[in-house]
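Single-letter residue listing:
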Amino acid sequence: MNWFDDAAAVNTSGAASIRISLSEQRAYFYKGGRLIGVSKVSSGKRGYSTRPGHFRILSKHPNHRSTIYGSYVDRRTGRVVKADVNTRKDRRPPGTYYRGAKMNNYLRFNGGIGMHASGHVPNYPASHGCVRMPPHMAQKFFQYSRVGTPVRVTH
């Protein structure tokens, strides 16, 4: 299911491109039109769907954290007081700070939506709009793409 040909990524000439299939819950990495890798993904769930369209990678962040989704953590103890918070809806309790969810190897391609590593990548849409990938696959897509790489999201 998940595979990536590093030798082909290095030795194939041409530009990189990425296609995300929402119906298959798969991401495809191409170089010079040649398929180089395939990864399972988990796109946006109902109410947070990942929008189809033609995009480009806008930025790359190896150690990104969400500015919206995360946890409220006690300042003194470091203990999570409230998990799975949405900073737009959930008020921060006194004596806590916000810690955004980890989104390593983040490839932003549509506003705040991007592809990133996650430890939870079921075979169905489950995110808040981003495209979650297994960590080892997110690292490959991150490594071999650049800002400006085309990203096509299809149904």
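Everything below is about the structure shown above.
Scope of this entry: the structure provided in the associated data block. Since we're looking at a predicted model, the values are computed, not measured.

1. Focus on the overall build of the chain
So, step 1. When helices and strands are tallied, the chain shows two helices and eleven strands.
So, step 2. For the chain, the N- to C-terminal ordering of α and β elements is β-α-β-β-β-β-β-β-β-β-β-α-β.
So, step 3. At 17 Å, the chain has a C-alpha radius of gyration in line with the 15 Å of a compact globule built from 155 residues.
So, step 4. C-alpha atoms of the chain, sized along the principal axes, occupy 55 × 30 × 25 Å.
So, step 5. In the chain, which comprises 155 residues, the proportion classed as buried is 48%.
So, step 6. Nonlocal contacts in the chain, meaning residues at least 24 apart in sequence, comprise 61% of its contacts between residues at least 6 apart.
So, step 7. Summed over all atoms, the accessible surface of the chain reaches about 8400 Å², with 49% contributed by carbon and sulfur.
So, step 8. With 26 positive and 6 negative side-chain charges, the chain shows a separation of 6 Å between the mean positions of the two kinds.

2. Details of the sheet that holds strand 11 (residues 150-154)
So, step 1. Ordered by their spatial adjacency, six strands build an open sheet running 1-4-3-2-11-5, and the pairing between neighbours is mixed. Each of the sheet's edge strands pairs with one partner strand only, and the pair in question is strand 1 (3-4) and strand 5 (53-56).

3. Looking at the layout of surface pockets
So, step 1. Quantified by volume, the largest pocket comes out at close to 730 Å³.
So, step 2. Residue lining of the largest pocket: 29 residues in total, with Ser-66, Tyr-69, Ala-101, Met-103 and His-128 positioned closest to the centre.
So, step 3. Of all elements in the fold, only strand 6 (59-74), strand 7 (80-86), strand 8 (96-110) and strand 9 (113-117) reach the threshold of two or more residues within the lining of the largest pocket.
So, step 4. Counting residues per element, the lining of the largest pocket draws most heavily on strand 6, at seven residues.
So, step 5. Its residues placed into classes, the lining of the largest pocket shows eleven nonpolar, twelve polar and six charged.
So, step 6. Ala-16, Lys-31, Tyr-144, Arg-146 and Thr-149 are the residues nearest the centre of the second largest pocket, which is lined by 13 residues in total.
So, step 7. Residue composition of the lining of the second largest pocket, grouped by class: six nonpolar, five polar and two charged.

4. Comments concerning the pairing of strand 3 (residues 26-31)
So, step 1. The element strand 3 is largely enclosed, with a buried count of six among its six residues.
So, step 2. Where burial is concerned, the two faces of strand 3 agree: the one with Arg-26, Tyr-28 and Tyr-30 and the one with Ala-27, Phe-29 and Lys-31 are both buried.
So, step 3. Direction of pairing for strand 2 (residues 16-21) relative to strand 3: antiparallel, over a ladder of six bridges. Bridge assignment links Arg-19 to a residue of strand 3, and that residue is Tyr-28.
So, step 4. The hairpin turn running from strand 2 into strand 3, its antiparallel successor, is four residues long, and Gln-25 in that turn takes a positive phi close to 55°.
So, step 5. Summarising the sheet, strand 3 and strand 4 (residues 34-40) pair through six bridges and their orientation is antiparallel. Opposite Arg-26, over in strand 4, you have Lys-40 as the bridge partner.
So, step 6. As consecutive antiparallel partners, strand 3 and strand 4 are separated by two residues, and within that stretch Gly-32 has a phi angle of approximately 60°, a positive value.

Rules of the game
Residues numbered from 1 in each chain as written. Predicted model: local features only at pLDDT ≥ 70, side-chain atom pairs only at ≥ 80, totals over all residues. Heavy atoms only, no water. Helix = DSSP H or I, 4+ residues; strand = E, 2+ residues; numbered from the N terminus. Rg over C-alpha atoms; globule rule 2.2 N^0.38 Å. Buried < 20%, exposed > 50% of the residue type's maximum accessible area, 1.4 Å probe, protein only. Contact = heavy atoms within 4.5 Å. Areas by Shrake-Rupley, 256 points an atom, 1.4 Å probe, with all protein chains shown as cover. Lys, Arg positive; Asp, Glu negative; His and termini not counted. Charge placed at Lys NZ, Arg CZ, Asp CG, Glu CD. Pairing = 2+ DSSP bridges. 1 Å grid on protein atoms, 1.4 Å probe; cavity = no way out; pocket = protein on both sides within 12 Å on 5 of 7 lines; lining within 4 Å. Points joined across faces, edges and corners; volume = space filled by probe spheres on them. Nonpolar A, V, L, I, M, F, W, Y, C, P; charged D, E, K, R; others polar.

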